[in-house]
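Each chain, written out:
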Amino acid sequence: MTEKTDVVLIGAGIMSATLGALLRQVQPNWSITMFERMDAAAPESSDPWNNAGTGHSALCELNYTPQNADGSVDISKAIDINERFQVSRQFWAYGVENGVLGNPSEFINPIPHVSFVHGADNVDYLRKRYEALVRHPLFDTMEYIDSPAEFGRRLPLMAKGRDFSDPVALNWTDSGTDIDFGSLTKQLLAYLGRSGVSIAFGNEVRNLDKQSDGSWNVKVRNTRTREIRTVNAKFVFVGAGGYALPLLQKSGIEEMTGIGGFPVSGLFLRCTNPELIHQHEAKVYGKAAVGAPPMSVPHLDTRVINGNRGLLFGPYAGWTPKFLKDGKNSDLFKSVKPNNVFSMIGVGLTEMSLTKYLISELLKSQSGRVVALEEFIPRADGRDWELITAGQRVQVIRRKGAGGVLEFGTAVIAAGDGSIAGLLGASPGASTCVSAMLDVLQKCFPGEFTGWMPKLKEMVPSLGVKLSENQALFHEVWDWSTKTLRLTDNTPKLAGVAQN
């Protein structure tokens, strides 16, 4: 017997949870069913130990502000990502005020976002970056620091043993955040459960079959009993992390023609010494190595997970053909189809620098990883750090000419008739989840979207407006979301750390 529902959400991560919460607000009478193959919420990409925690807003990530051939700095991508993050902040503030979310300090905390470089040429670049960004209202609180004394006051762990004859510089923004997307996802799922959404853990979606009336039959297997059930849905969203690619391929939608994926895993060094953890309070991002993918930008990262502070450094790239940490070694090979094989071969021929980078990373020993850490912490001792495996990322490969091109970013794929959509890619990912899911609503429900706008603007007051071009509105929604999310006083300062 085929069950009926209006909406099926595949995956219990931040994307599906966000889309479900938005739909519950604008269309509360629709029936929604969520399936998650694992036995817990946010088990893969949204888990905080899988690197979903930076609160990407382009305040510190240098890969979003590339330097042009003429020496100028392109800040267009940084502005776009920051705009999208502001949308997330507003929705979360609305959620706290209206019972969708609970205690904000369980998922968001204020942490300075810092860009760090050394060497004369890099210092010159960072100064130009600062001068380009600080003129915009979204970045107008950024500071430029090149004083060794001030560097030592703000980043004591990074200053100890440093040779300051090699010039250093920082772009420092106090208004950055750390986000536990696992906790945020669980709060959203709790709201969905209270509002009547059916959430089935331990249920793996095996196939998607388009029906003549435009709906979808979703075949689901219970991972414990092996029982198969079929659910018919008018709309399907595939928010299954790395498994979104094979599921969207199974749907057979034209929009997936030529699209493939390349898995990259991440490794981190996690600090085990509480004394060191308490000497550092910032997310400090450096410059990526030549040939490294943007997702591999090195960072020394303060985290707040389950209320406890931690310190990570990385990522170091790893590789496996799996599309999820809990995936299968056959994932990559099964994703090669007649319509994307040339795209994937083309990428293999054109991305040699990435191939060399991955090989060098795979050959690194623990001592080699500590050498990279020493760029940030000159007196690093490998005995204070343990190696952990972060999440899998499947980078999108698109057809380009006779071959293909590897994309780094987050991409919404939607069928032309709006009956199915999914999310592919990686960073900035979770930080822009609300903006991405609003894109899904607009693409897939164009008829309803106009009628939803009053409610959507209640949830996201800046919707449809560029905050970078409306300074008054930016400060209004910033002050509101900062107060509501308690981003000025909800995190105790660390003992022994000099404060700005």
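Residues numbered from 1 in each chain as written. Predicted model: local features only at pLDDT ≥ 70, side-chain atom pairs only at ≥ 80, totals over all residues. Heavy atoms only, no water.

S.K.: Would you mind showing me how to read unusual backbone geometry here?
M.R.: Note: most residues except glycine have negative phi, and most peptide bonds are trans. A cis amide bond, omega 0 degrees, links Gly314 with the succeeding residue Pro315. Of note, the phi angle at Arg226 is positive, near 70 degrees, even though the residue is not glycine. As for its placement among the helices and strands, Arg226 is situated in the loop between strand E10 (216-222) and strand E11 (228-238). With a phi angle near 55 degrees, Asn306 is a residue other than glycine that sits in the positive phi range. The topology assignment puts Asn306 in the loop between strand E14 (299-305) and strand E15 (308-318). (Helix = DSSP H or I, 4+ residues; strand = E, 2+ residues; numbered from the N terminus.)

S.K.: What exactly am I supposed to notice about helix H14 (residues 446-459) here?
M.R.: Think of an α-helix as turning once every 3.6 residues; residues three or four places apart then point the same way. For H14, which comprises 14 residues, the first-to-last C-alpha distance of 19 Å matches the rise-based estimate of 20 Å (1.5 Å per residue) to within 8%. At Trp452, H14 shows its maximal bend, which comes to roughly 55 degrees, and the proline Pro454 appears one to four places after that position. Restricting attention to buried positions, one finds in H14 the residues Phe449, Trp452, Leu456 and Met459. Where H14 is buried, its residues meet helix H1 (14-26), helix H2 (76-97), helix H13 (433-444) and helix H15 (471-484). (Expected span 1.5 Å × (residues − 1). Bend = angle between axes of the 7 residues up to and from the residue. Buried < 20%, exposed > 50% of the residue type's maximum accessible area, 1.4 Å probe, protein only. Contact = heavy atoms within 4.5 Å.)

S.K.: In this structure, what is going on with the packing of H1 against H13? I would like to understand it.
M.R.: When two helices pack together, their arrangement is given by the angle between their axes and by how far apart the axes lie. Between H1 and H13, the least distance of the axes is 9 Å, while the angle of their chain directions is 60 degrees. In terms of their interaxial angle, H1 and H13 are classed as oblique. The handedness of the crossing between H1 and H13 is right-handed. Taken together, the residues of H13 that come into contact with H1 (itself represented by Ile14, Met15, Thr18, Leu19, Leu22 and Leu23) are Cys433, Val434, Met437, Leu438, Val440 and Leu441. Here the contact of H1 with H13 is composed, by residue class, of 11 nonpolar, 1 polar and no charged. (Axes fitted to C-alpha atoms, helices over the stretch in contact; angles between N-to-C directions. Parallel < 35°, antiparallel > 145°, perpendicular 65-115°, else oblique. Left-handed = near helix turned anticlockwise from the far one by under 90°. Nonpolar A, V, L, I, M, F, W, Y, C, P; charged D, E, K, R; others polar.)

S.K.: I keep staring at the sheet that holds strand E4 (residues 113-118) and nothing clicks. Help me out?
M.R.: Backbone-to-backbone hydrogen bonds pair the strands of a sheet. The strands run either parallel or antiparallel. Read from one edge of the open sheet, 9 strands run E5-E6-E4-E13-E14-E15-E12-E16-E17, paired in mixed fashion. Two strands in the sheet have a free side with no partner beyond their single neighbour: strand E5 (143-145) and strand E17 (403-407). Neighbouring strand axes in the sheet, compared pairwise and without regard to direction, differ in orientation by 30 degrees on average. Direction of pairing for strand E12 (residues 260-271) relative to strand E16 (residues 385-400): antiparallel, over a ladder of 11 bridges. The residue bridging Cys271 from the neighbouring strand is Trp385, located in E16. Against the sheet, helix H3 (residues 120-133) contacts E4, E5 and strand E6 (168-173), and its axis sits at roughly 25 degrees relative to E6. (Pairing = 2+ DSSP bridges.)

S.K.: Explanation requested: the nonpolar core in the structure shown.
M.R.: Generally speaking, a soluble globular protein has its nonpolar side chains buried in company with each other. Formed by 58 residues in total, the largest nonpolar core has its most connected members in Phe91, Trp92 and Phe237. If sequence neighbours within four positions are ignored, Trp92 has contacts with Phe85, Leu101, Phe107, Ile108, Ile179, Phe181, Leu184, Cys433, Val434 and Leu485. The next biggest cluster of nonpolar side chains, apart from the first, holds 35 residues, and it includes Ile10, Leu245, Met256 and Ile259. (Core = buried A, V, L, I, M, F, W, Y, C linked by side-chain atoms within 4.5 Å.)

S.K.: Help me understand the pattern of salt bridges in this model?
M.R.: Two side chains of opposite charge can pair, provided their charged atoms sit close to one another. By the definition in use, this model includes 23 salt bridges. Taking the shortest distance from any N to any O, the salt bridge between Arg37 and Asp326 comes out at 3.5 Å. Taken together, the positions of Arg37 in the loop between strand E2 (32-36) and H2 and Asp326 in the loop between E15 and helix H9 (331-334) put the pair 289 residues apart, joining distant regions of the chain. Owing to a relative accessible area of 19%, Arg37 belongs among the buried residues under this scheme. (Salt bridge = Lys/Arg side-chain N within 4 Å of Asp/Glu carboxyl O.)

S.K.: In this structure, what is going on with a positive patch on the surface? I would like to understand it.
M.R.: Together, Arg226, Lys250, Lys328, Lys334 and Lys337 make up a region of like positive charge exposed at the surface. As for its placement among the helices and strands, Lys334 is situated in helix H9. Under the relative-accessibility criterion, Lys334 is labelled exposed at 57%. (Patch = residues over 30% accessible without salt bridge, like charges linked within 9 Å, V, L, I, M, F, W, Y side chains within 5 Å. Areas by Shrake-Rupley, 256 points an atom, 1.4 Å probe, with all protein chains shown as cover. Lys, Arg positive; Asp, Glu negative; His and termini not counted. Charge placed at Lys NZ, Arg CZ, Asp CG, Glu CD.)

S.K.: Just checking my understanding: could you explain helix H12 (residues 366-373) for this structure?
M.R.: Within the sequence span of H12, burial applies to Arg369, Val370 and Leu373. Buried residues in H12, looked at end-on, bunch into an arc of 100 degrees, giving them a common side. In H12, the exposed positions that point more than 90 degrees away from the buried face belong to Ser367 and Val371. Contact partners of the buried residues in H12: E12, E15 and E16. (Arc of directions from axis to C-beta.)

S.K.: Hey, could you run me through the side chain of Thr484 in this one?
M.R.: Note on placement: Thr484 falls in helix H15. Polar contacts involving the side chain of Thr484 include one to the side chain of Glu97, which spans 3.4 Å. Ignoring sequence-local partners within four residues, the contact set of Thr484 consists of Ala93, Val96, Glu97 and Pro104. (Polar contact = N/O pair within 3.5 Å; in protein donor to acceptor, adjacent residues only side chain to side chain.)

S.K.: Teacher, can you tell me more about the confidence of the model for the chain here?
M.R.: If pLDDT is low for a region, its predicted coordinates should not be looked at in detail. Here the chain shows a mean pLDDT of 90. Residues at 70 or above account for 92%. Segment residues 490-500: pLDDT under 50, and 29 contacts once partners within four positions in sequence are set aside and those in other chains are kept. (pLDDT = per-residue confidence, 0-100.)

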